[in-house]
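# Architecture and fold: a report
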Amino acid sequence: MKLSGEEIENLQTDSENHFWPHGRLAGQVPPIRSIKFVNHAKGVWVGDVKGNKWIDVLSGLWLKNVGYGREEIVEAVYSQMKEITFSPISTASPSTIRLSAKIASLSPDKQSRVYFVSGGSEAIETSLKMAKNYHLNNGDSNKWKIISRRGSYHGATHACMSLGGAVASATYNFGPPMPGNIHISQPNGCSIDGNCNLQCAYELDKVIEHEGASTVAAFIGEPISAAAGIHIPHPDYWPTIREICNKHNVLLICDEVITGFGRTGKMFATEHWGIIPDIYTIAKGLTSGYLPIGAAVASKKVSDAFLGDENLVFKHLITFGGNPASSAAGLANIKIIEEENIVENAANMGDYLFQKLQSLYKHDIVGDIRGGKGLIAAVELFKNIDTKEKFTKDSGLIDKLETLMTENQLLGRAADVIPIAPPLCINEREVDYLVDKLDLIISRLVKML
Ligand SMILES: Cc1ncc(COP(=O)(O)O)c(C=O)c1O
């Protein structure tokens, strides 16, 4: 696995000249923020080409639910690819059909119908178009506006980036956002001060009334938003949102791209609140990132609006949607999740992680630790924890944190909100290792700041 010095140097040169990493400068800026070259992995551990071993704090990118190196998935894909590698127009492979039935059987609405695409952004785009088309098919041609929440992340394509309302300033870099997209607040106040009057949920009611319910197609949100800082919503938030959507005939779209397939200690996060979304979206954890795939999963109510007359067809097609090899990966991945009680492990290890993280409050800069619902947690750093004053850019927090994470071989995101979402196969020993490393990193960081 270890590459020679010359091979690594060639990778570095080719990378600096030709590779464009996502979310970073086009060339690389060594040494801290340079890209690491990795070529092997197992469980929660990732190996680089120099032979170093890293613990993956973010499950790749919130997706390596069953962990790395699962041969069963590789073999399922290999077998599938020997049989057929693409289903031509007007056909479907048995794997794709079986995966749709499997997803429906796990869904809050068992009569769901699955519209496959190739990733999370496409799943969201599909859900938005499906919602607008649903109302059109029901004779409501004016219901096309979408309400979403500021600070969310729903993907990189034009409509998706608009939904977050300038998350990471992305929307402002690309001209006008999607027309008819209205933004409301996140449910992120109550987990800090304990006081919650559900204003963030009732804001939806007010905004729908202000816009006119006859113009609004759907409301979309992540059950727990990673981008907005992993705040666990008040227990009544989602049931209240569900009621408001029902009252106004507005579809509820839940984005389970991160939270789906066990991340929160339930197969789907909406189960925590007993709500049934009209449409929900999945991607990442569906194959644990072994191959790309995504889907918009429509409840019976929604998909029934696309039955009958030819005029009711959903005019939407994605070439790689439900690709046979990706579908085979999805089936093999779900089999592992079920047979190895991965969801239960996420719930138990999530509790253990959350309890261990509490020790980090001893550091002067740790102002909030959020989590307790599966393996999705956050440690928030403040310049002043009493006033909740944030670190400014010139504090150099991010570079310093990234340096320390690199030195300690922690793969994750260096930010004032440190997300912790390891693979769901993690064990107690690995949680201990991870939290001990974080403890060490934060104590060094305090001295450097
Ligand atoms: C909640 C959520 N929705 C949608 C997406 C978009 O998925 P993709 O990057 O596969 O297009 C992401 C990506 O991180 C996400 O976190």
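Here, the structure is the one placed above.
Residues numbered from 1 in each chain as written. Predicted model: local features only at pLDDT ≥ 70, side-chain atom pairs only at ≥ 80, totals over all residues. Heavy atoms only, no water.

Our focus in this paragraph is the site of the ligand. Near the ligand you find G119, G120, S121, Y153, H154, G155, E222, D255, V257, I258 and K284, and these make up its full shell. In this structure, S121 approaches the ligand through a side-chain N or O atom, which is 2.6 Å from an oxygen atom. Within the side chain of D255, a nitrogen or oxygen atom sits 2.7 Å from a nitrogen atom of the ligand. Computed on the free molecule, the ligand has an accessible area of 390 Å², of which 79% lies beneath the protein chains in the complex. Classifying every residue of the shell around the ligand by side-chain character gives three nonpolar, five polar and three charged. (Near = heavy atom within 4 Å. Polar contact = N/O pair within 3.5 Å; in protein donor to acceptor, adjacent residues only side chain to side chain. Areas by Shrake-Rupley, 256 points an atom, 1.4 Å probe, with all protein chains shown as cover. Nonpolar A, V, L, I, M, F, W, Y, C, P; charged D, E, K, R; others polar.)

Take the sheet that holds strand β5 (residues 145–149) next. Across a sheet, strands are paired by hydrogen bonds formed along the backbone, either parallel or antiparallel in direction. With mixed pairing, seven strands are arranged side by side in an open sheet as β4-β10-β9-β8-β7-β5-β6. Single-partner strands in this sheet number two, and they are β4 (113–117) and β6 (181–184). The mean angle between the axes of side-by-side strands here comes to 20°, regardless of whether they run parallel or antiparallel. Each of β4, β9 (279–282) and β10 (294–298) is contacted by helix α4 (residues 94–106), which is oriented at about 125° to β4, the strand it contacts most. (Pairing = 2+ DSSP bridges. Helix = DSSP H or I, 4+ residues; strand = E, 2+ residues; numbered from the N terminus. Axes fitted to C-alpha atoms, helices over the stretch in contact; angles between N-to-C directions. Contact = heavy atoms within 4.5 Å.)

Now for helix α15 (residues 428–448). Its 21 residues place the ends of α15 30 Å apart at the C-alpha level, agreeing with the 30 Å of an ideal helix rising 1.5 Å per residue. Looking only at α15, the buried set comprises E430, V431, L434, V435, K437, L438, D439, I441, I442 and L445. At the N-terminal end of α15, a side-chain oxygen is found 3.2 Å from the backbone nitrogen of R429, two or three residues along, and the residue is N427. (Expected span 1.5 Å × (residues − 1). Buried < 20%, exposed > 50% of the residue type's maximum accessible area, 1.4 Å probe, protein only.)

To continue, consider the sheet that holds strand β3 (residues 53–56). In spatial order, the strands read β1-β2-β3-β13; together these four strands make up an open sheet with mixed pairing. At either margin of the open sheet sits one strand with a lone partner, and together these are β1 (38–42) and β13 (410–411). Of the strand pairs in this sheet, β3 and β13 are connected by two bridges, and their pairing is parallel. Across the sheet, the residue bridging to I55 is L410, located in β13.

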